[in-house]
Amino acid sequence: MPKLFSAAMVFGLALCMPLIGQETTPEEQIRRLQSQVDTLRWQLDQVRKIADDNQFFLRLSDVAEVDKVILTGKPNPRERERYGISNDRHPIRIYCYTFVPKKIDKNKKHPAVVLTHGGVHGDFGTYHVHMVREMMERGYIVIAPEYRGSTGYGRGMYENIDYGGLENDDVVTCRDWAVAELPIDPKKVAAVGWSHGGMISLMIGFDHPEKFACIYAGVPVSDLLTRLGYHEQSYTAEFAARYHIGKPPVDAVDEYRRRSPIWNVHKLKIPLMVTSSTNDRDVNVVEVEQLITHLKAAGKNFESHIEKDAPGGHSWDRIDTTFARKARIRMYDFLKKHLGQ
């Protein structure tokens, strides 16, 4: 027997202990083990998140004041009523990272970036550290929402997901809190995101032009109907889950359309830049091409760039390569134009 065990192994053994000596059928044992493994999954997910959070402080504390706050978002209408407390009386908890450059004068107002992570289920992990550092160097305050459906907070948060719906409101809630509490110029806030985060940035910019100065959407999910048409069946099944949209596209075309940027382009009133790459194996370039086509048809002014088979595919302008760093200059030039620095 080895002398050392990982925390996960010890915890797993502890979970199994109640089975020893009990007279249960194999079927009951399997059901109990499945339940315990499921519980362990969510607990390890939270442990991973705590470890990753610590990395933000370790890796950015030289240039930023790093914090993580707990806010409340709109209630989840799908939750069960408990103790006679209806859902409309029970706003959910959401989380938000804040990164304030140490070099700025806090007696003045400064531009900010609402940097929204991707998904479907994802989180604002230290994958973003290098970009946050670049934004600190440029004097931007960065707000990074952990909207409903984000991972790292247990099963409840995960199953609160409302893809293309209330998660957008969560991001706006974080923006509003930050404007009220931090030295941010409310007229100089950019909505920035990639992939699903790009989709959210589009939607919040479309719906709240008075709250954002511009939108940068990298490889954005743009049309759920098209997307679920070219993705594998397991992806469609995830959206049709009980705690998710609840129906496949064939049974809810209007609902999927309501949540898709291309069917909302008529609302665009602020500057927009859209980017993609032709070799994206996650958000196929056809979605971004459709978005561009719809924007043009609606007579909107915007900027776009589609790279030819960029190294890195879906992550082509987010990774640490020289190519990616140079590509991000395009984004920073766009932000400087509309945020004033």
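Residues numbered from 1 in each chain as written. Predicted model: local features only at pLDDT ≥ 70, side-chain atom pairs only at ≥ 80, totals over all residues. Heavy atoms only, no water.

## Quick notes on the overall build of the protein
Using the following cut-off: By the criteria applied, helices consist of DSSP H or I runs no shorter than four residues and strands consist of E runs no shorter than two, each listed in order from the N terminus. In this description the radius of gyration comes from C-alpha coordinates, and the expected globular size is given by 2.2 Å times residues to the power 0.38. Exposed residues in this analysis have more than 50% of their type's maximum accessible area, buried residues have under 20%, and partly exposed residues fall in between, with area computed by a 1.4 Å probe over protein chains only. Contacts are residue-level and defined by heavy atoms, with any inter-residue pair within 4.5 Å sufficient. A 1.4 Å probe and the Shrake-Rupley method give the accessible areas. Residues count as covered only by the protein chains that appear here. For the purpose of counting charges, residues Lys and Arg are taken to be positive, whereas Asp and Glu are taken to be negative. His and the chain ends are not included. Charge positions come from single atoms, namely NZ of Lys, CZ of Arg, CG of Asp or CD of Glu.
Looking only at helices and strands, the protein features 11 helices and eight strands. On C-alpha atoms alone, the protein measures out to a radius of gyration of 22 Å, which is about the 20 Å that the 2.2 N^0.38 rule sets for 341 residues. Principal-axis analysis of the C-alpha atoms places the extent of the protein at approximately 70 × 50 × 50 Å. A total of 341 residues make up the protein; the buried ones form 51% of that total. Sequence separation of 24 or more characterises 74% of the internal contacts of the protein that already satisfy a separation of 6 or more. A total of about 16400 Å² of accessible surface is found on the protein, and carbon and sulfur atoms cover 54% of it. Averaging the positions of the 46 positive and the 44 negative side-chain charges in the protein gives two centres separated by 4 Å.

## Structural notes on the layout of surface pockets
Just so we agree on the cut-off: Cavity means a closed set of points on a 1 Å grid over the protein atoms alone, one where a 1.4 Å probe fits but cannot get out, pocket means an open set with protein on both sides within 12 Å along at least 5 of 7 lines, and lining means a residue has an atom within 4 Å of a point. Grid points are joined across faces, edges and corners, and a volume is the space filled by probe spheres set on the points. Three classes are used, and their members are as follows: Ala, Val, Leu, Ile, Met, Phe, Trp, Tyr, Cys and Pro are nonpolar, Asp, Glu, Lys and Arg are charged, and the others, Gly among them, are polar.
There is about 720 Å³ of room inside the largest pocket. Along the wall of the largest pocket there are 23 residues; nearest its centre are Asn76, Glu79, His90, Gly156 and Asn160. Among the secondary structure elements, those contributing two or more residues to the lining of the largest pocket are strand 2 (92–101) and helix 4 (155–158). Of the residues contributing to the lining of the largest pocket, the split by class is eight nonpolar, six polar and nine charged. What the second largest pocket holds in volume is close to 160 Å³. Lining the second largest pocket, in full, are Thr116, His117, Gly118, Gly119, Tyr127, His128, Trp194, Ser195, Asp282, His314, Ser315 and Arg318. The residue inventory of the lining of the second largest pocket, partitioned by class, reads two nonpolar, eight polar and two charged.

## Some details on the pattern of salt bridges
How we decide: In the sections that follow, a salt bridge refers to a side-chain nitrogen of Lys or Arg positioned within 4 Å of a carboxyl oxygen of Asp or Glu.
Following the criterion strictly, the structure yields 21 salt bridges and no others. Arg48 is the partner of Asp45 in a salt bridge, and the nearest nitrogen-oxygen pair spans 3.4 Å. Of this pair, Asp45 and Arg48 both sit in helix 2 (residues 26–60), three residues apart, which is roughly one turn of that helix. Here Arg48 falls in the partly exposed class, since its relative accessible area comes to 34%. Here Asp282 ties to Arg227 by a salt bridge, and the two come within 2.6 Å at their closest N and O atoms. In this pair, Asp282 is assigned in the loop between strand 7 (272–277) and helix 10 (285–297) and Arg227 in helix 7 (residues 224–230), connecting sequence segments 55 residues apart. Note on Asp282: relative accessible area 24%, which makes it partly exposed. For Arg227, a relative accessible area of 2% gives the class buried. Where salt bridges share partners, they join Asp45, Arg48, Lys49, Asp123 and Glu146 into one cluster.

## Examining the sheet that holds strand 4 (residues 141–146)
Strand pairs in the sheet, formed through backbone hydrogen bonds, run parallel or antiparallel to each other. The following threshold applies: Any two strands with at least two DSSP-identified bridges between them are counted as paired. In this description, a line fitted to the C-alpha atoms serves as the axis of each element, helices being fitted only across the stretch in contact, and the angle between N-to-C directions of two axes falls anywhere from 0 to 180 degrees.
Strand order across the open sheet formed by eight strands is 1-2-4-3-5-6-7-8, with mixed pairing between neighbours. Of all the strands in the sheet, just strand 1 (64–73) and strand 8 (303–307) have a single pairing partner and so form its edges. Averaged over all adjacent pairs, the angle separating strand axes in this sheet is 20 degrees, with direction ignored. Note: strand 1 against strand 2, 10 bridges, orientation antiparallel. Of the residues in strand 2, the one forming a bridge with Ile70 is Tyr95.

## Regarding the pairing of strand 6 (residues 214–218)
Threshold: A crossover gets the label right-handed when its path from the first strand over the helix to the second runs clockwise, viewed with the strands pointing away from the viewer.
Taking burial as the measure, the five residues of strand 6 include five buried ones, the bulk of the element. The alternating pattern of strand 6 places Cys214, Tyr216 and Gly218 and Ile215 and Ala217 on opposite faces, both of which are buried. Sheet topology places strand 5 (residues 184–194) next to strand 6; five bridges connect them, and they run parallel. Across the sheet, Trp194 pairs through a bridge with Gly218, a residue of strand 6. Taking the sense of rotation as the criterion, the β-α-β connection linking strand 5, helix 6 (residues 196–207) and strand 6 turns out right-handed.

## Re the side chain of Thr275
Tracing the sequence through the fold places Thr275 in strand 7. In contact with Thr275, not counting residues within four places along its chain, are Tyr216, Ala217, Gly218, Val219, Pro220, Val288, His305, Trp316 and Asp317.

## What to know about the packing of helix 5 (residues 166–181) against helix 6
For clarity, the threshold we go by: Orientation is classified from the angle alone, with under 35 degrees giving roughly parallel, over 145 giving roughly antiparallel, 65 to 115 giving roughly perpendicular, and any other angle giving oblique.
The contact between helix 5 and helix 6 brings their axes to 10 Å, and the two run at 75 degrees. With respect to helix 6, the element helix 5 is oriented roughly perpendicular. Side by side, helix 5 and helix 6 meet where Glu167, Asn168, Val171 and Val172 of the first sit next to His196, Ile200, Met203 and Ile204 of the second. Among the residues making up the contact of helix 5 with helix 6, the classes are represented as five nonpolar, two polar and one charged.

On their own, these measurements won't tell you what the molecule is for.
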